[in-house]
Amino acid sequence: GTVTAGNLSNTAIVYPAGHIVHVQNATLDGHGSTSTATAWTTTGLEITIASATVALGSKIFVQCFAMAALGNGSSHTLLDWKLIRTAPSTSETFSPIASQAGHDGTTPNFTHVELAGSGVDESLGSGDHTYQLQFRKGNAAAAHCGTIYYNWYTGGQATISAMVIV
């Protein structure tokens, strides 16, 4: 038979493990912001899953895609990035996302990088859950990157998606 939206919210329905019960997406338009941060800094790409929706599942799969451009540092051209949960508890990077992009050395003069990946948050708490993409100069070292052009480029679009899973 046909399942309607009203049927999907019926609390008598027991969904099998691994079933996706909610999908949410957020985007951020590119505008070529710049930074020289060696401390973790948000790109502004973020998604919040309401507490009532979080309570429907046992884990949340999160994926993101963004672009950045890197100016050379004096020794490397590297950027660290991570997908992190900032609420409801203290900041937590969840496996496997904590990565580095760029290259050793200082040529070419300008490097474009993709910040793309996914992770599964299996330690859900109560309250709204917020996830965001953060970055810093490689290894938190000033010499490892020049200017970071995040949310690159004007006309581009970054995206973050989350799926609540039973």
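Residues numbered from 1 in each chain as written. Predicted model: local features only at pLDDT ≥ 70, side-chain atom pairs only at ≥ 80, totals over all residues. Heavy atoms only, no water.

Asker: How would you summarise unusual backbone geometry if you had to cite specific residues and measurements?
Answerer: Residue P88 follows A87 across a cis peptide bond; omega there is 15°. Tracing the backbone through its elements, the reader meets P88 in the loop between strand 5 (76–87) and strand 6 (92–93). With an omega of 10°, the peptide bond between W152 and Y153 qualifies as cis. The residue Y153 is located in the loop between strand 10 (148–150) and strand 11 (157–165) in this model. Positioned with a positive phi, A140 is a non-glycine residue whose angle comes to about 60°. Along the chain, the position of A140 falls in the loop between strand 9 (129–137) and strand 10. (Helix = DSSP H or I, 4+ residues; strand = E, 2+ residues; numbered from the N terminus.)

Asker: With reference to specific residues and values, describe the pattern of salt bridges.
Answerer: As a working rule, side chains carrying opposite charge can pair if their charged atoms are close by. According to the stated counting rule, one finds 2 salt bridges in the structure shown. A salt bridge links R136 to D80, with the nearest nitrogen and oxygen atoms 2.9 Å apart. One end of the pair, R136, is in strand 9; the other, D80, is in strand 5, and 56 residues separate them in sequence. Judged on exposure class, the residue R136 and its partner D80 are both buried. (Salt bridge = Lys/Arg side-chain N within 4 Å of Asp/Glu carboxyl O. Buried < 20%, exposed > 50% of the residue type's maximum accessible area, 1.4 Å probe, protein only.)

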